[in-house]
Amino acid sequence: MGFKHQKVALALSAPAIIMMFVILIIPILIALWLSFTSYSLGSPLIEWVGWENYEKIFTRSSYQKMLGATITYVLVVVPASVFLGLGAALLINSLRFGRDIYKTIYFLPVMAALLAMAIVWEFTLHPTIGMINDTLTIGCDSGFWYPLLTGAWLGIDPVTSWYGKSCSDGFPLWLGDRDYALWTICFIGIWQAFGFNMVLYLAGLTSVPRELNQAAEMDGARTAWNRFWLVTWPMLGPTTVFVVTITMIRSFQVFDTVEALTEGGPVKSTYVMMYAIFEKAIRQNLVGMGAAITVIFLLFVMVLTLSQRYLVERKVHYS
Amino acid sequence: MNQPNIIFRESLKHAILMAGAVIVILPFYVMLSYSLKSPKEIETNTGGFFGDQAPMVDEYCVKLGNAVDECTEIPVVFNYTQAFKKAPLLRYLLNGVIVTASIFLFQVLISVPAAYALAKLRWWGRDVVFGLVLFCLLIPVHAIALPLYIMLAKVGLVNTYAALIIPWTISVFGIFLMRQFFMTVPDDLIDAARMDGMSELSIVWKVMLPTAVPALMAFAIFSVVAHWNDYFWPRVVITGNRDLFTPPLGLREFKGDADGSAWGPMMATATIIVTPLIVAFLLAQKKFIEGITLSGMK
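Here, residues in each chain are numbered from 1, in the same order as that chain's written sequence. Think of it this way: whatever chain is written first is A, whatever ligand is written first is 1, and the rest follow in order. Only residues with pLDDT of at least 70 are given local features in this predicted model, and only at 80 or more are side-chain atom pairs given and counted; all residues enter the totals for whole chains, interfaces and linings. Only heavy atoms go into the side-chain values, all of them from the structure, while hydrogens and water stay out.

## A look at the interface of chain B and chain A
At step 1: Here, residues are in contact when the closest pair of their heavy atoms is within 4.5 Å. Between chain B and chain A, the contact holds 89 residues from the first and 94 residues from the second.
At step 2: Between chain B and chain A the total buried area reaches about 8400 Å² when both faces are included, carbon and sulfur atoms providing 79% of it.
At step 3: Once two parts are put together, the accessible area they lose, assessed with a 1.4 Å probe and summed over both, is termed the buried area. Together, B:Leu17, B:Leu138 and B:Leu146 form the three largest contributors to the area buried by chain B at its contact with chain A, with a combined 8%.
At step 4: Salt bridge criterion: a side-chain nitrogen from Lys or Arg within 4 Å of a carboxyl oxygen from Asp or Glu. Seen at the junction of chain B and chain A, the total is 4 salt bridges.
At step 5: Between A:Glu259 and B:Arg235 there is a salt bridge; the shortest N-O distance is 2.9 Å.
At step 6: Here a polar contact means two N or O atoms within 3.5 Å. Within protein one must be a hydrogen donor candidate and the other an acceptor candidate, and residues neighboring in sequence count only if both atoms are side-chain atoms. The interface formed by chain B and chain A contains 18 residue pairs in polar contact (both at pLDDT 80 or more).
At step 7: For this classification, Asp, Glu, Lys and Arg are treated as charged, while Ala, Val, Leu, Ile, Met, Phe, Trp, Tyr, Cys and Pro are nonpolar and the rest, including Gly, are polar. A per-class count over the side of chain B that touches chain A returns 69 nonpolar, 10 polar and 10 charged.

As structure tokens, this is what we get:
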């Protein structure tokens, strides 16, 4: 017995082991080291600056905006796309016919290059020639849509509502408006992500046994709503943990939409971390600073993934 | 529950899902429609989906001193020919194919033997290496783009195909996935191959790999979709050298240069870039959904 295949096994895994170190482990160490320096590419000396870069991240307003924008993005996109993914999966799963067509349509954004679709969204949201504002403007003169959208049918003064105001003062510039830009980027993020979550939930739903639903009904869970909370939701626990983690990790990495549509603006309102690393370290050659952002970024992602593994192993055990 | 109630519920569900579908499809509709229309129709939002396809005059072509007749084209033809003329789109597409294919090839070459060693061979250090794989699964490559970029710059590889490919040659996810799959292959199969005098390396490629075709297919889809659509990494390591642009980079540059008259051609470019994967997806939906959600299996 013993390790009969020692040599051949090492030889077979050597390329993988070497590449794991060169491409994944060593770069992390390099980033960690550079984050304590004021290094820039091409300069001969490397100056040690201690915690200065990290201090800047937590004290300077532009970096605070960066953390704020990133966290806002994650806190908006993750719940929304998980909720929509779950909702779509539940609806589709309960259909009698036409399941596949919705599944296909909702999955399309996952397949399409996000950069291309971001550019199309920019056109669609264009303030003057875009389809969205064009359509919204048409509604302003409509005797049906105007009262409906302004809430006039509920007795609200139409002029005080968002829609009523926009009709008289013009609709938002979306990506060009500091109050709307981040939300618009979030919207594109949700649009792109929820189909993926839906597919994972649909897979999760197939593992919920029918008998369990029937048993719950016998025990008095009469409405679909009660049965959902009693059976389906707990059974989907592991799926939810996974969906939330993977969506979070992806949302943290948002870049394409920001780089192509807003470049972090207006007034840093969409200045997310990946874009900050790109702009600071690669465009402006402030490598030390970029490395510090990289390290914080990695910490976020690793804590997330580790807590997911912990949850999967410990807490989410219903079966 | 009575019959009308069921019908009502079913219709309500369809209504909600259709409303969602409209929003999901909207940008695809806009992209395709704009790629067919003339600049004027785009600006005024007229012409429906297809546009009137009335012949239009290319002002820029006239400015170059050509006769007006020669510069008159149907909008669809104009948009799609301009997409290829204004930028070396064919080159970009070729680069995209070269890069995605090379990445997948290297990922297989590196991860499959390691997965076999981890799944089927007994050796000292196996658990440590598998622990390393599990740790590396935590690291998103995009997140360490900066140190990778510095390393590539130090060895003078920025602006090369190598820079586009090397960071992706190791797929810890691929190792993990293939290992899980190889675990299910019966040992007898391997023993029989050894009796026949096959070397371990040829067992990997001639015995193990053929059994793993479904897993490999799923992994291929996962890998190709991710790298064909990737914008961030090419954006970091390719600076200005158009010959190395991947399709998303080409489109981004197009957007940077675009003026009002180029919207049609730009949407044509976007359509051309997005179409291959969408068509492949529509043809083999099950396989694609499996492949993309593969990261969901544990």
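Read on, since the account is not over.
## Side note on the environment of A:Pro27
At step 1: Runs of E in the DSSP output that reach at least two residues are strands. Runs of H or I that reach at least four are helices, and both are numbered from the N terminus. With respect to the helices and strands, the residue A:Pro27 is situated in helix H1 (residues 6–34).
At step 2: Dropping the residues within four chain positions of it, A:Pro27 is found in contact with A:Phe21, A:Val22, B:Ile144, B:Pro147, B:Leu148 and B:Met151.

## A look at the packing of helix H1 (residues 3–34) of chain B against helix H15 (residues 263–283) of chain B
Residues and elements named next belong to chain B.
At step 1: At a minimum axis distance of 8 Å, the contact between H1 and H15 shows a crossing angle of 125 degrees. Classed by the angle they form, the pair H1 and H15 counts as oblique. Here H1 runs over H15; the crossing is left-handed. Contact residues: Phe 28, Met 31, Leu 32 and Tyr 34 in H1; Gly 264, Met 267, Ala 270, Thr 271, Val 274 and Ile 278 in H15.
At step 2: Residues belonging to the contact of H1 with H15 are distributed by class as follows: 8 nonpolar, 2 polar and no charged. Note on geometry: axes are C-alpha line fits, over the in-contact stretch for helices, and angles between N-to-C directions span 0 to 180 degrees. An angle below 35 degrees is treated as roughly parallel, one above 145 as roughly antiparallel, one from 65 to 115 as roughly perpendicular, and anything else as oblique. Helix crossings get a hand from a simple test, with the near helix turned counterclockwise from the far one by less than a right angle marking a left-handed crossing and a clockwise turn marking a right-handed one.

## Some points on the side chain of A:Thr262
Residue and element names in this part refer to chain A.
At step 1: By secondary structure assignment, the location of Thr 262 is in helix H13 (residues 256–262).
At step 2: Exposure classes here rest on a 1.4 Å probe applied to the protein chains alone. A residue is buried below 20% of its type maximum, exposed above 50%, and partly exposed in between. On the basis of relative accessibility, which here comes to 13%, the residue Thr 262 falls in the buried class.
At step 3: Ignoring any residue separated from it by four or fewer positions in sequence, one finds Thr 262 in contact with Leu 175, Ile 185, Thr 257 and Thr 270.

## Describing helix H12 (residues 237–252) of chain A
All names here are of chain A.
At step 1: One less than the residue count of a helix, multiplied by 1.5 Å, gives the span that helix is expected to have. Over its 16 residues, H12 extends 23 Å from the first C-alpha to the last, a length consistent with the 22 Å expected when each residue adds 1.5 Å.
At step 2: The buried fraction of H12 is high, at 12 of 16 residues.
At step 3: Of the surrounding secondary structure, the elements contacted by the buried residues of H12 are helix H3 (61–93), helix H9 (181–205), helix H11 (224–235), helix H14 (273–283) and helix H15 (287–313).

## With respect to a nonpolar patch on the surface
At step 1: Each patch is built from residues lacking any salt bridge and having more than 30% relative accessible area; the joining distance is 9 Å for like charges and 5 Å for nonpolar side chains (Val, Leu, Ile, Met, Phe, Trp, Tyr). Computed with the Shrake-Rupley method and a 1.4 Å probe, the accessible areas treat only the protein chains shown as cover for residues. Residues A:Phe144, A:Trp145, A:Leu148, A:Leu149, A:Trp153, A:Leu154 and A:Ile156 make up a contiguous nonpolar surface patch of roughly 760 Å² in combined accessible area.
At step 2: Its location among the elements puts A:Phe144 in the loop between helix H6 (131–140) and helix H7 (145–150).

## Considerations on unusual backbone geometry
At step 1: Positive phi values are uncommon outside glycine, yet A:Lys268 reaches one of about 60 degrees.
At step 2: Along the polypeptide, A:Lys268 turns up in the loop between H13 and H14.
At step 3: With a phi angle near 65 degrees, B:Asn159 is a residue other than glycine that sits in the positive phi range.
At step 4: Within the secondary structure layout, B:Asn159 lies in the loop between helix H7 (145–154) and helix H8 (161–165).
At step 5: Assessed through its relative accessible area of 23%, B:Asn159 is described here as partly exposed.

## A short note on the packing of aromatic side chains
Two descriptors summarise a pair of aromatic rings, namely the distance from one centre to the other and the angle between the planes of the rings.
Residue and element names in this part refer to chain B.
At step 1: In this scheme Phe, Tyr and Trp rings, the latter by its six-membered ring, pair at centre separations within 6.5 Å, and the angle between planes marks the pair as stacked below 30 degrees, edge-to-face above 60, and tilted otherwise. Counted by the stated rule, this structure contains 37 aromatic pairs over all chains.
At step 2: Plain terms: the ring middles of Tyr 92 and Phe 245 are 5.7 Å apart, the flat faces sit at 40 degrees to each other, and that makes the pair tilted. Of this pair, Tyr 92 sits in helix H5 (residues 89–120) while Phe 245 is found in the loop between helix H13 (232–237) and helix H14 (247–257), placing the two residues 153 residues apart along the sequence.
At step 3: Taking the relative accessible area as the measure of exposure, Tyr 92 reaches 1% and is therefore buried.
At step 4: The buried category is assigned to Phe 245, whose relative accessible area is 6%.

## Considering the packing of H1(A) against H15(A)
Residue and element names in this part refer to chain A.
At step 1: Remark: H1 packs on H15, axes separated minimally by 7 Å, with the N-to-C direction vectors making an angle of 125 degrees. Taken together, H1 and H15 sit at an angle that is classed as oblique. Relative to H15, the crossing made by H1 is left-handed. Contact with H1, carried on its side by Ile 28, Ala 31, Leu 32 and Leu 34, involves Val 287, Gly 288, Ala 291, Thr 294, Val 295, Leu 298 and Met 302 of H15 and no other residues of that element.

## So, the pattern of salt bridges
At step 1: Under the definition given, this model contains 10 salt bridges over all chains.
At step 2: B:Arg252 serves as the salt-bridge partner of A:Glu259, at 2.9 Å between the closest nitrogen and oxygen. Within this pair, whereas A:Glu259 is found in helix H13, its partner B:Arg252 is found in helix H14, the two belonging to separate chains.
At step 3: The network of salt bridges with shared partners includes A:Glu259, A:Glu263, A:Arg283, B:Arg235 and B:Arg252.

In short, shape yes, function no, at least from these values alone.
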